[in-house]
Amino acid sequence: MDVSWTVWVLTILGLIALIAVDFFIGRKPHDVSTKEAGIWTIVWIALAGLFGLGLLLFGESQASGEFFAGFITEKSLSVDNLFVFILIMAKFSVPSHLQQRVLLVGVLIALVLRAIFIAAGAAVIANFSWIFYIFGAFLIFTAWKLIQEARADEDEDDWEENRLLKSIEHRFGVADRYHGTKLFIQNNGKRVMTPLMVVMLAIGTTDILFALDSIPAIFGLTQDPYIVFTANAFALMGLRQLYFLIGGLLKKLVHLSYGLSVILGFIGVKLVLHALHESGVHVPEITIAFSLSFICAVLVVTTITSLIANKKTAEAEAAAKGEQNDDSENVGAEK
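First things first, this report covers the structure right here in the doc. Values in this document were obtained by computation on a predicted structure and should not be read as measured data.

1. Things to note about the environment of Val 3
Then step 1. Position of Val 3 among the secondary structure elements: in the segment before helix H1 (5-25).
Then step 2. Sequence separation between Val 3 and Tyr 226 is 223 residues; the distance between their C-alpha atoms is 7.3 Å.
Then step 3. In contact with Val 3, not counting residues within four places along its chain, are Trp 8 and Tyr 226.

2. Some remarks on the packing of helix H7 (residues 195-219) against helix H8 (residues 225-237)
Working note: a packed helix pair is described by the angle between its axes plus the distance between those axes.
Then step 1. The geometry of H7 relative to H8 is characterised by a closest axis approach of 11 Å and an angle of 135 degrees between their N-to-C directions. The angle between the axes of H7 and H8 places the two elements in the oblique class. Pair H7 / H8 crosses with right-handed handedness. For the pair formed by H7 and H8, the contact residues are Asp 207, Ile 215, Ile 218 and Phe 219 on the first element and Ile 227, Val 228, Ala 231, Asn 232 and Leu 236 on the second.

3. Comments concerning the nonpolar core
Then step 1. Ranked by internal contacts, the top residues of the largest apolar core, which has 84 residues, are Phe 67, Phe 85, Phe 92, Val 94, Val 102, Phe 219 and Phe 234.
Then step 2. In contact with Phe 85, not counting residues within four places along its chain, are Leu 103, Ile 203, Phe 210, Leu 239 and Tyr 243.

4. With respect to the pairing of strand E2 (residues 190-193)
Then step 1. Pairing analysis gives four bridges linking strand E1 (residues 184-187) to E2, with the strands arranged antiparallel. From the neighbouring strand, Ile 185 faces E2, where its bridge partner is Val 192.
Then step 2. Hairpin connection between E1 and E2: a loop of two residues separates the two successive antiparallel strands, and Asn 188 in this loop has a positive phi of roughly 55 degrees.

5. Some words on the packing of aromatic side chains
Then step 1. Within this structure, the stated rule accounts for 16 aromatic pairs.
Then step 2. Pairing Phe 67 with Phe 68 gives two aromatic rings, centres 5.7 Å apart and planes at 65 degrees, and the pair type is edge-to-face.
Then step 3. Given the relative accessible area of 0%, Phe 67 is considered buried.
Then step 4. Between Phe 67 and Phe 71 the ring centres are 6.1 Å apart and the planes differ by 15 degrees, which places this aromatic pair in the stacked class. Of this pair, Phe 67 and Phe 71 both sit in helix H3 (residues 61-91), separated by four residues, roughly a single helical turn.
Then step 5. Residue Phe 71 is classed as buried on the basis of its relative accessible area, which comes to 8%.
Then step 6. Here the aromatic residues Trp 8, Phe 51, Phe 67, Phe 68, Phe 71, Tyr 226, Phe 229 and Phe 234 are joined through ring pairs into a cluster of three or more.
Then step 7. In this structure, Arg 171 packs its charged tip against the face of Phe 172, placed 5.1 Å from the ring centre.

6. Describing helix H9 (residues 239-246)
Then step 1. Where burial is concerned, most of H9 is hidden: seven out of the eight residues are buried.
Then step 2. Residues of H9 that are buried: Leu 239, Arg 240, Gln 241, Leu 242, Tyr 243, Phe 244 and Ile 246.

Cut-offs and rules
Residues numbered from 1 in each chain as written. Predicted model: local features only at pLDDT ≥ 70, side-chain atom pairs only at ≥ 80, totals over all residues. Heavy atoms only, no water. Helix = DSSP H or I, 4+ residues; strand = E, 2+ residues; numbered from the N terminus. Contact = heavy atoms within 4.5 Å. Axes fitted to C-alpha atoms, helices over the stretch in contact; angles between N-to-C directions. Parallel < 35°, antiparallel > 145°, perpendicular 65-115°, else oblique. Left-handed = near helix turned anticlockwise from the far one by under 90°. Core = buried A, V, L, I, M, F, W, Y, C linked by side-chain atoms within 4.5 Å. Buried < 20%, exposed > 50% of the residue type's maximum accessible area, 1.4 Å probe, protein only. Pairing = 2+ DSSP bridges. Phe/Tyr/Trp six-rings, centres within 6.5 Å; stacked < 30°, edge-to-face > 60°. Lys NZ or Arg CZ within 6 Å of the ring centre and 35° of its normal.

Written as structure tokens, this is what we have:
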């Protein structure tokens, strides 16, 4: 897709305007209700849908399909990332009324970092076509690792601050408590960060790790930097509202990691086939239409199986509780 600098500038300005509106509406720290989160989640998804339809109306059917496939993939991966965001919020004991501010700034940091990764990825791909082999192998490895982690059922307290964050804390110092929305305060004549600033940096810099699989994944669906950037932007900008909407439901998506591993493995294979095709090897290439259908099907199946698994678990727990009550009653009757 041939995108002029004018379109790039207008797109970025449009995204900045949307972020400004979002920030203005939620500028006052408050507890986000499910209704508010639901409305804004629908708004962001609708805006992404309109953007994709706009590409289709302007005659870019291929670009439209690539955008929707990329957006759905990035959105799915971002939902999995919400698990880590919940852990970070808990670790730093972020007050509920400040969590939306943390997520907004954290997502903005993540968006800037993603833009840098995308620009670097596009430059590498343009000059070294063999990079698709590495991307493909890395995604297949990541898919296998996701399955291993899901089977291991790792403890939720495993999240630790990265080295960059620790060095920043050591350099600037951290206050012992939150001071509203302030990011820096004066403490004994020294300017130090507040815990709010630290958790914002934690959310933003942790996204570097997330980008290691999400950026290669979307480049496996499209090599168009404009589509890669816009799909990432729309997926990330609605992440804050999604956090408050489904934060309590994330634990019920017990098979999400398996679904994401299948998607990443599929895209990894797609990248390897594309690399072989670019090398002159006659192999079948996976179309974007099939990719989009496959990704949606995996997510639907994952959601259904998760709900079934949760229902069975709930029934088993209810049955076990009923048996315990019966035993207690029998013991009481014998006495």
